[in-house]
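As a plain string of letters, each chain reads:
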Amino acid sequence: MPGIVLSGGGARGAYEVGVLKYICEELCETGQAPFPVLSGSSVGAVHAAYMAAMAYPSPHTRDISYLAGRWTSMDLGEMVRFDFSRVFNMFRPSFLGRPNYKEVGARGPAGLMRTESLERLIVDAIRWQDLRQAVRHGHIRGLAVPATQIYTGNAIVFYDRAPGVPDIDWKNDPGIIARRTGVGPLQVLASAAIPMLFPPVRIGDRYYGDGSLRVNTPLSPALRLGATHLCVVRLRQADASANVKFMRESEYNNPFFLAGKALDALLLDPIDRDLNNLEMINSLLTEIAEANPDNGQEFLSRWSQHHRGAPYQHVTTVVVSPSVDFSVIVENAVRQMSHMPPIWRRLQKATNQDNEGTLDLASYAFFDRRYTGPLIETGYSDAKAMKDQLLTVINP
């Protein structure tokens, strides 16, 4: 059963669009996503929902080129505006008591950025009625969108499934709660709400933030929905350490540098760890099958079903990783800007000083076509270079 896992990374998500564009246009006769199981967190949740909606054969279905067009039409000044007055709101409860959430509405009070334009893009780009029909009529098997519940700190996996597909749960992990619901704009926006940068989203009487914060096993929702062959799109180079330049000691006191590394740890590290764990489990399954071909596999399946609520199985994975450092691409984009909003002028100064730490942070928040366009091209090219491997997942 083919599935895809799309990770988080803010503006870096344009790279995912490039990968999806190649897969849909070159590897699928229908031009639709060939993945019955889709899972995405943060910006990956946006793309997973879009791909799910594409699966429904409606005369109004939007193809992948529409999504790419939205990304390549972004203008930094329109998409994201810093609002430092919100810093006060973040700390207001400490000084003035609880905030008035009735004034806040569906969005929480915290977040350095005003992202109304970005949110409209997300809400308007996805045909939500097509998504619901795709699930209802079995055009996709399942869609999962994790988010973090702010009050409890639990990971809430919002998901929907086709009729006849078993429900999923993490009964032996109280920190992860599966909640079957119609995945809509609020769930996707909640999953994409990067802490401190974007305000949290209220669903019911609770606030939710980025799904990458608490889901330490980002591959798990797709596997529990039945995927046996996974395409995983990673938003940093496979060996990023090979391209890290020597940092001046003063860099480590730079808040921009520290914020960039914090986002790396929150959004990118979990998927790397989960891929390593999956490789280990695959190896273990192979060793057990060879050592005890009669009932070793059966015993392990019973054990894992009892202790984790789902059996272990061998999973084929293909990982698409960037061939170019995103800091290099965002640096080129910054140099092309003739006029920058005030806060972004700090980036131009950083570019002149070769301040790689600040550029790392910018790679998450630079929602501008001068950056997102080259990212899409890079994703397309990297997926094309992995055509044969991708076909083993698409046509298992």
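Remember, it's a predicted structure, so these values are computed and weren't measured experimentally.

1. Notes on the nonpolar core
Grouped burial of nonpolar side chains is what soluble globular proteins tend to show.
Here is step 1: Judged by nonpolar contacts, the single largest core of 81 residues is most densely connected at Ile-23, Trp-71, Leu-143, Cys-231, Tyr-371 and Leu-390.
Here is step 2: When residues in this core are grouped by element, the largest group, 10 residues, is from helix H2 (residues 43-54).
Here is step 3: If we skip the residues at most four places from it in the chain, Leu-143 touches Leu-38, Ala-48, Ala-49, Ala-52, Leu-131, Phe-158, Tyr-159, Asp-160, Val-183 and Leu-225.
Here is step 4: Counting residues in hydrophobic clusters, the runner-up holds 19 residues, among them Val-5, Trp-170, Ala-222 and Ile-271.

2. Quick look at the packing of helix H13 (residues 326-336) against helix H16 (residues 369-385)
Here is step 1: Their axes nearest at 8 Å, the elements H13 and H16 cross at an angle of 145°. H16 is crossed by H13, and the crossing has right-handed handedness. The segment H13 lies against H16, with Phe-326, Ile-329, Val-330, Ala-333 and Gln-336 engaging Arg-370, Tyr-371, Pro-374, Leu-375 and Thr-378.
Here is step 2: Split into classes, the residues belonging to the contact of H13 with H16 amount to 7 nonpolar, 2 polar and 1 charged.

3. Things to note about the environment of Ala-178
Here is step 1: Structurally, the position occupied by Ala-178 is in strand E7 (residues 176-180).
Here is step 2: In the structure, Ala-178 is positioned 23 residues away from Ala-155 in sequence and 8.4 Å away in space, judged by C-alpha atoms.
Here is step 3: Among residues more than four places away in sequence, those in contact with Ala-178 are Val-157, Tyr-159, Ile-168, Asp-169 and Trp-170.

4. Regarding the pattern of salt bridges
Here is step 1: In the structure shown here, the tally under the stated rule is 9 salt bridges.
Here is step 2: The partner of Arg-161 in a salt bridge is Asp-167, and the shortest N-O contact between them spans 2.6 Å.
Here is step 3: In this structure Arg-161 comes out as buried when scored by relative accessible area, which is 12%.
Here is step 4: Judged by its relative accessible area of 46%, Asp-167 falls in the partly exposed class.

5. Description of helix H8 (residues 128-136)
Given 3.6 residues to a turn, an α-helix orients residues that are three or four positions apart in the same direction.
Here is step 1: For H8, the complete set of buried residues consists of Trp-128, Asp-130, Leu-131, Ala-134 and Val-135. One face of H8 carries all of its buried residues, which in axial projection span an arc of 155°.
Here is step 2: Backbone geometry just after H8 places Gly-138 at a positive phi near 75°.

6. Thoughts on H2
Here is step 1: Given a rise of 1.5 Å per residue, 12 residues ought to cover 16 Å, and the 17 Å separating the end C-alpha atoms of H2 matches this to within 8%.
Here is step 2: For H2, the tally of buried residues reaches 12 of 12 residues, placing the bulk of the element in the interior.
Here is step 3: Listing the buried residues of H2 in full gives Val-43, Gly-44, Ala-45, Val-46, His-47, Ala-48, Ala-49, Tyr-50, Met-51, Ala-52, Ala-53 and Met-54.

7. Let's talk about the packing of aromatic side chains
Here is step 1: Taken as a whole and judged by the stated rule, the model has 5 aromatic pairs.
Here is step 2: A ring pair is formed by Phe-366 and Tyr-371, whose centres lie 6.3 Å apart and whose planes are at 75°; its orientation type is edge-to-face. Tyr-371 carries the same exposure label as Phe-366, and that label is buried.
Here is step 3: When the ring centre of Tyr-364 is taken as reference, the NZ or CZ atom of Arg-12 above it lies at 4.4 Å.

8. Some points on the packing of helix H1 (residues 14-26) against helix H3 (residues 64-72)
Here is step 1: Here H1 crosses H3 at 155°, and the two axes come no closer than 9 Å. As judged from the angle between their axes, H1 and H3 are roughly antiparallel. Crossing angle aside, the handedness with which H1 passes H3 is left-handed. For the pair H1 and H3, the contacting residues are Ala-14, Val-17, Leu-20, Lys-21, Cys-24 and Glu-25 in the first and Ile-64, Ser-65, Leu-67, Ala-68 and Trp-71 in the second.
Here is step 2: Across the contact of H1 with H3, the residue classes break down as 8 nonpolar, 1 polar and 2 charged.

About the cut-offs
Residues numbered from 1 in each chain as written. Predicted model: local features only at pLDDT ≥ 70, side-chain atom pairs only at ≥ 80, totals over all residues. Heavy atoms only, no water. Core = buried A, V, L, I, M, F, W, Y, C linked by side-chain atoms within 4.5 Å. Buried < 20%, exposed > 50% of the residue type's maximum accessible area, 1.4 Å probe, protein only. Helix = DSSP H or I, 4+ residues; strand = E, 2+ residues; numbered from the N terminus. Contact = heavy atoms within 4.5 Å. Axes fitted to C-alpha atoms, helices over the stretch in contact; angles between N-to-C directions. Left-handed = near helix turned anticlockwise from the far one by under 90°. Nonpolar A, V, L, I, M, F, W, Y, C, P; charged D, E, K, R; others polar. Salt bridge = Lys/Arg side-chain N within 4 Å of Asp/Glu carboxyl O. Arc of directions from axis to C-beta. Expected span 1.5 Å × (residues − 1). Phe/Tyr/Trp six-rings, centres within 6.5 Å; stacked < 30°, edge-to-face > 60°. Lys NZ or Arg CZ within 6 Å of the ring centre and 35° of its normal. Parallel < 35°, antiparallel > 145°, perpendicular 65-115°, else oblique.

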